[in-house]
Protein chains: 2
Amino acid sequence: MEQVLVGVDLGGTFIKFGIFKENGELLGKWQVPTGERAAQAVLSKITWEIVEKSGYAVNQMKGVGIGIPGAVDGQGMIINAPNLGWRMLDIKEPLLKKLSIPVQVGNDANVAALGEQYFGVGGGCSSMVMVTLGTGVGGGVIIDGRLVPGAFGGGGEIGHIQVNDQETVACGCGNKGCLEQYASATGIASLARRELERTDEASLLRSCTELTAKDVFDAVKDRDILADRVAEQFGQALAKALSYIACTVDPEVFVIGGGVSAAGPVLLNYIEKYYRQFAFTPSKQTPFKLAALGNDAGIYGAARLVMLNK
Amino acid sequence: MEQVLVGVDLGGTFIKFGIFKENGELLGKWQVPTGERAAQAVLSKITWEIVEKSGYAVNQMKGVGIGIPGAVDGQGMIINAPNLGWRMLDIKEPLLKKLSIPVQVGNDANVAALGEQYFGVGGGCSSMVMVTLGTGVGGGVIIDGRLVPGAFGGGGEIGHIQVNDQETVACGCGNKGCLEQYASATGIASLARRELERTDEASLLRSCTELTAKDVFDAVKDRDILADRVAEQFGQALAKALSYIACTVDPEVFVIGGGVSAAGPVLLNYIEKYYRQFAFTPSKQTPFKLAALGNDAGIYGAARLVMLNK
């Protein structure tokens, strides 16, 4: 009987589902609004979708992998998922009871990194660090083909590496000068607003009504000098954090993903330039790549979680 | 026939040898001066010592592990060992030819971390980061009970994480503001000299002829205010780097070793205080321990390398 893997990417707004062959080939995918965020409601919805919409019987499923927007420890225990209002929650056990198939749980950015490492731009490399530049900055560290979730769920929390100890504005986490304040979509927009306020030089960005990271990189492509300066600040902050990471795990490749990475190769120029300058000798030439799976990285990675834990 | 493991810690000054039971129990150890540093001379010396002085026949040896003072990649290739003048050198193959037993090679600080993780203070924990505070600052990252040597030999090169982008003096590596400049024995002594020059306040350190890190922590124990300020700077720099590392691999425990750690528990106070402040939420409570194996960590870790790769 044909066996399949189920990958779930649980977000604050949507839950995405993917059904994969055992070799990881995508057979089908769909998404539904997350709706009510109480754990029981979400778990019932996930179960219902898997049973009713996958097109496969539960006994054909080898397992379910789930990416969660929050800190998850090495055993798959959810330590804290602020967007869902969940704390110290085990969802593996209740899902296992409902479905009678193995369940694997990981942090969403960690899981997306695993998707890229195995099915995406990583090409099955042994070690990789991915940074996800979205509303916040997440990441995933992969060593020997496996995720490093961390002992307390803090593995790959790259957005909270401090890159500027002169910062006066606080990050959402309470510290000051976290990478997320300069490299997330919101961080890039803030950097741009700061530059616009600091000077009165002409810039395409002055005509933007709601200034976004996309506006900044669009203006960079149009050779806007102020936008270029913002991109330099972004690149410098991210390169700094990646140079620290290289001195820790020294990965084969760095992968840049998330909504901001839609800006394309121009983004890498700003990061690589500073990285080559900051990195310690052995890791100075580490290659950089843009993520390839886009929004599907999460469901792919969740399927890979199942493959790794069978 | 009783089988043994051979652990070798190759330093610029001494080569240390340890013979271990298969379960890691130390049967005997000795050391010899490194002498001539040409690769052939060193390898001949290592072979001769193992064959002549171990008290065991080569066919009783399950393997030899060797820690090297330099960058070693995941395959055991020595990329660069400046203290020995070695570059891009494979010593596994020639030693295998001489001894006909498997040879494992790792970076010395990485290997010492592995010793502490399995036989020392780590107590066999799954993940651990050790910082070795000696003449320089080295380290080792252990995930799932295995070393992370890094794709290009840069794994655990904690001493070259930049912690101060205002620094004007260059580190040995060419960058400025590396952790090593504030947390190594030489770095701590420099910090103290800077403080002594900056003020003319009374301090026990003024009477030291050759100011060392030991003098600084001895003065700290005698409640010397200037020495306390130096220790604060040391603790802050190291805590910063460890907070970055926690956002990357989030280990179960941090271990502080190397000559400087002989100062004892007082050292941890200065590090922990700042770490608790800098660390991102999930990792704020990561425990700190002092290394337990002292100068034997290298031979223990080298034996463990053999155990892991049999």
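Residues numbered from 1 in each chain as written. Chains lettered and ligands numbered in written order. Predicted model: local features only at pLDDT ≥ 70, side-chain atom pairs only at ≥ 80, totals over all residues. Heavy atoms only, no water.

Points about the environment of Leu 242 of chain B
Residue and element names in this part refer to chain B. If you trace the backbone, Leu 242 turns up in helix α7 (residues 225-246). A sequence separation of 232 residues divides Leu 242 from Leu 10, and the C-alpha atoms of the two residues are 27 Å apart. Here Leu 242 is in contact with Val 131, Phe 254, Ile 256, Ile 271, Tyr 275 and Phe 288, once residues within four sequence places are set aside. (Helix = DSSP H or I, 4+ residues; strand = E, 2+ residues; numbered from the N terminus. Contact = heavy atoms within 4.5 Å.)

Re the sheet that holds strand β6 (residues 78-81) of chain A
Residue and element names in this part refer to chain A. Reading across the sheet, the three strands line up as β5-β6-β7 and stay open at both edges, with antiparallel pairing between neighbours. Of all strands in the sheet, those with a lone pairing partner are β5 (71-72) and β7 (86-89), marking the two edges. Relative to β6, β5 runs antiparallel, the two sharing two bridges. Each bridged residue has a counterpart across the sheet, and for Val 72 the counterpart in β6 is Ile 78. (Pairing = 2+ DSSP bridges.)

Quick word on the pattern of salt bridges
Residue and element names in this part refer to chain A. Applying the stated criterion to the full structure yields 26 salt bridges over all chains. Residue Lys 16 pairs with Asp 9 through a salt bridge whose shortest N-O separation is 4.0 Å. Note on Asp 9: relative accessible area 14%, which makes it buried. Residues Glu 195 and Arg 198 are paired through a salt bridge, measuring 3.0 Å at the closest nitrogen-oxygen approach. Residue Glu 195 and its partner Arg 198 are both found in helix α5 (residues 185-198); the two are separated by three residues, about one turn of the helix. Salt bridges linked by common partners bring Glu 195, Arg 198, Glu 201 and Arg 229 together as one network. (Salt bridge = Lys/Arg side-chain N within 4 Å of Asp/Glu carboxyl O. Buried < 20%, exposed > 50% of the residue type's maximum accessible area, 1.4 Å probe, protein only.)

Section: the pairing of strand β8 (residues 103-107) of chain B
Residue and element names in this part refer to chain B. Of all the five residues making up β8, five are buried; the element is thus mostly covered by neighbouring parts of the structure. For strand β4 (residues 61-68) and β8, the ladder comprises five bridges, and the chain directions are parallel. Of the residues in β8, the one forming a bridge with Ile 66 is Val 105.

Examining the interface of chain A and chain B
Taken residue by residue, the interface counts 42 residues in chain A and 42 residues in chain B. The junction of chain A with chain B conceals about 3000 Å² of combined surface from both sides, 60% of it contributed by carbon and sulfur atoms. Counting the surface chain A buries against chain B, the share from its top three residues, Phe 152, Thr 248 and Phe 280 of chain A, is 21%. For the salt bridge of Lys 240 of chain A with Asp 165 of chain B, the shortest nitrogen-to-oxygen distance reads 2.5 Å. At the junction of chain A with chain B, the criterion picks out 20 residue pairs in polar contact (both at pLDDT 80 or more). Elements represented by at least two residues in the side of chain A that touches chain B include exactly β10 (137-143), α7 (225-246) and α8 (265-278) of chain A. No other element matches the four residues that α7 of chain A contributes to the side of chain A that touches chain B. Split by residue class, the side of chain A that touches chain B holds 20 nonpolar, 14 polar and eight charged. (Buried area = accessible area lost by both parts, 1.4 Å probe. Polar contact = N/O pair within 3.5 Å; in protein donor to acceptor, adjacent residues only side chain to side chain. Nonpolar A, V, L, I, M, F, W, Y, C, P; charged D, E, K, R; others polar.)

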